[in-house]
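What follows is the residue order along each chain.
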Amino acid sequence: MIKKRWFSRSKVEAKSDGNRYFVRLNFNERVQHMIFLICFIVLAITGFMLKLPEDIIQKFGSAKDLVFFYRGILHRIAGVTMILVSLYHVFYLLFRPAGRRWLMDMLPRFKDLTDLLGTMLYYLGIKDTHPDYDRFYYKQKMEYGALIAGATLMSVTGLLLWTEEMWPKFLLDIATIVHGMEAVLACLAIMVWHLYEVHLRPRKFPIDNLWITGVIDEEEMREEFALHYKKIMEDPELRKIYLVPEHEEGEASLGV
Ligand code: HEM
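Every value quoted in this text rests on a predicted model; they were computed, and no experiment measured them. (Residues numbered from 1 in each chain as written. Predicted model: local features only at pLDDT ≥ 70, side-chain atom pairs only at ≥ 80, totals over all residues. Heavy atoms only, no water.)

Take the overall build of the protein next. A tally of helices and strands in the protein yields 12 helices and two strands. Seen in sequence order, the protein has helices and strands lined up from the N terminus as α-β-α-α-α-α-α-α-α-α-β-α-α-α. Classification of the 256 residues of the protein by burial places 38% in the buried group. Contacts in the protein between residues far apart in sequence, at least 24 positions, make up 69% of those at least 6 positions apart. Here the protein displays about 15500 Å² of accessible surface, and carbon together with sulfur accounts for 71% of that area. (Helix = DSSP H or I, 4+ residues; strand = E, 2+ residues; numbered from the N terminus. Buried < 20%, exposed > 50% of the residue type's maximum accessible area, 1.4 Å probe, protein only. Contact = heavy atoms within 4.5 Å. Areas by Shrake-Rupley, 256 points an atom, 1.4 Å probe, with all protein chains shown as cover.)

Structural data, given as structure tokens:
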């Protein structure tokens, strides 16, 4: 049974509790995730403020104009930051060893299809166990793909809306509809799909602190990512990357 981790655990604690730990997100990836997370929350709040009903807006009183002035500025600052961190992510995927490993492990493969079928049979009770997943499995790959598509769509339509004087009205109308609808879809995907998949599932509730610590213990690794675990244990090079060493940081945990 996997032990529930309620609070974030430092690497030092992680190493001294007798368990072995495996890197899921290195430091660099955790920082990218954190920046993206903050941008997303700011964008959602400052974006949906435009949809507030008039009687609520009136409650801001004389501060209304100032609040909405800063709302627009904040939305743009968070938007530009999100675009920059997304571009950095592309650079990371192409030019950093850990990024290239991420990209290769994230590419869709035929095994994802068989994993999907195997998992459905497991959910239906026809099979006793789910398939042995590799580093990323089909659900995570779909969510990552949806994130890339969504961020691209929001960035392009957001920049069009920002530079509205340069574009014909019909393009701006489309951009407004796409930006507004994708904003709803993205918020639902994060609040329902991502939050449930990551934090609200059994054994993780109320929060999975992996996004802060970056590591999971051996039991969880063996149970959730059995194929990845097997590959790591059989390959000394992968052990150097993914197994948190006793006394020093692993290559991946430093974000190399
Ligand atoms: C997840 C990311 C984002 C969310 C959830 C979001 C949300 C929203 C929402 C709900 C609106 C109102 C749309 C409407 O009135 O129908 C809006 C408007 C707008 N967004 Fe975004 N947005 C995001 C990303 C971006 C980005 C990356 C940019 C550009 C850098 C941007 C720039 C704008 C602009 C210029 C407007 C027009 C209204 C204004 O002046 O603020 N947005 N956004």
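At a minimum axis distance of 5 Å, the contact between helix α4 (residues 64-95) and helix α5 (residues 97-106) shows a crossing angle of 90 degrees. Taken as axis vectors, α4 and α5 run roughly perpendicular relative to one another. Residue-level contacts link His-89, Tyr-92, Leu-93, Leu-94 and Phe-95 of α4 to Pro-97, Ala-98, Gly-99, Arg-100, Trp-102 and Leu-103 of α5. Here the contact of α4 with α5 is built from residues that sort into eight nonpolar, two polar and one charged. (Axes fitted to C-alpha atoms, helices over the stretch in contact; angles between N-to-C directions. Parallel < 35°, antiparallel > 145°, perpendicular 65-115°, else oblique. Nonpolar A, V, L, I, M, F, W, Y, C, P; charged D, E, K, R; others polar.)

All right, on to the site of the ligand then. In the region of the ligand, 20 residues are neighbours, and Lys-51, Arg-71, His-75, Arg-76 and His-179 sit closest. At a separation of 2.8 Å, an oxygen atom of the ligand approaches a polar side-chain atom of Lys-51. In this structure, His-179 approaches the ligand through a side-chain N or O atom, which is 2.8 Å from a nitrogen atom. At the level of secondary structure, the elements contributing two or more residues to the shell around the ligand comprise α2 (27-48), α4, α7 (138-162) and α8 (169-200). Looking at which element gives the most residues to the shell around the ligand, the answer is α7, with six residues. Of the residues belonging to the shell around the ligand, the class tally is 10 nonpolar, seven polar and three charged. Mapped onto the domain boundaries, the shell around the ligand takes at least three residues apiece from domain 1 (27-100) and domain 2 (137-198). (Near = heavy atom within 4 Å. Polar contact = N/O pair within 3.5 Å; in protein donor to acceptor, adjacent residues only side chain to side chain. Domains from an automatic or database assignment.)

We now examine the pattern of salt bridges. In total, this model carries 13 salt bridges according to the counting rule given. For Lys-231, the salt bridge goes to Asp-134, with nearest N and O atoms at 2.5 Å. One end of the pair, Lys-231, is in helix α11 (residues 226-234); the other, Asp-134, is in the loop between α6 (110-123) and α7, and 97 residues separate them in sequence. Taking the shortest distance from any N to any O, the salt bridge between Lys-230 and Glu-234 comes out at 3.8 Å. Highlighted residues: Lys-230 and Glu-234, both in helix α11, separated by four residues, approximately one helical turn. With a relative accessible area of 48%, Lys-230 lands in the partly exposed category. (Salt bridge = Lys/Arg side-chain N within 4 Å of Asp/Glu carboxyl O.)

Attention now goes to the packing of aromatic side chains. Summed over all chains, the structure comprises 12 aromatic pairs. When the ring of Tyr-88 is compared with that of Phe-91, the centres are 5.8 Å apart and the planes differ by 40 degrees; the resulting orientation is tilted. Of this pair, Tyr-88 and Phe-91 both sit in helix α4, three residues apart, which is roughly one turn of the helix. Tyr-88 sits in the partly exposed class, given a relative accessible area of 28%. Ring centres of Tyr-122 and Tyr-123 lie 5.9 Å apart, and the angle between their planes is 35 degrees; this geometry places the pair in the tilted category. What makes Tyr-122 partly exposed here is its relative accessible area of 32%. Residue placement shows Arg-24 over the ring face of Phe-225; its charged tip is 3.7 Å from the ring centre. (Phe/Tyr/Trp six-rings, centres within 6.5 Å; stacked < 30°, edge-to-face > 60°. Lys NZ or Arg CZ within 6 Å of the ring centre and 35° of its normal.)

Grouped together as the largest cluster of nonpolar side chains are 13 residues, with contacts concentrated most on Phe-22, Tyr-137, Ile-216, Met-221, Phe-225 and Ile-232. Put simply, the parts of the chain that give this core at least two residues each are α11 and α12 (236-242). Leaving out residues up to four positions away in the same chain, Tyr-137 has contacts with Asp-112, Glu-197 and Phe-225. Counting residues in each nonpolar core, the second largest holds seven residues, with Phe-36, Leu-43, Ala-78 and Val-85 among its members. (Core = buried A, V, L, I, M, F, W, Y, C linked by side-chain atoms within 4.5 Å.)

Glancing now at α4. Counted at 1.5 Å a residue, the expected span for α4 with its 32 residues is 46 Å, and the 46 Å between its end C-alpha atoms agrees. Contacts made by the buried residues of α4 are with α2, α3 (54-58), α5, α7 and α8. (Expected span 1.5 Å × (residues − 1).)

As for its position among the elements, Val-90 is in helix α4. Measuring from C-alpha to C-alpha, the distance between Val-90 and Leu-103 comes to 9.6 Å, with 13 residues separating the pair along the chain.

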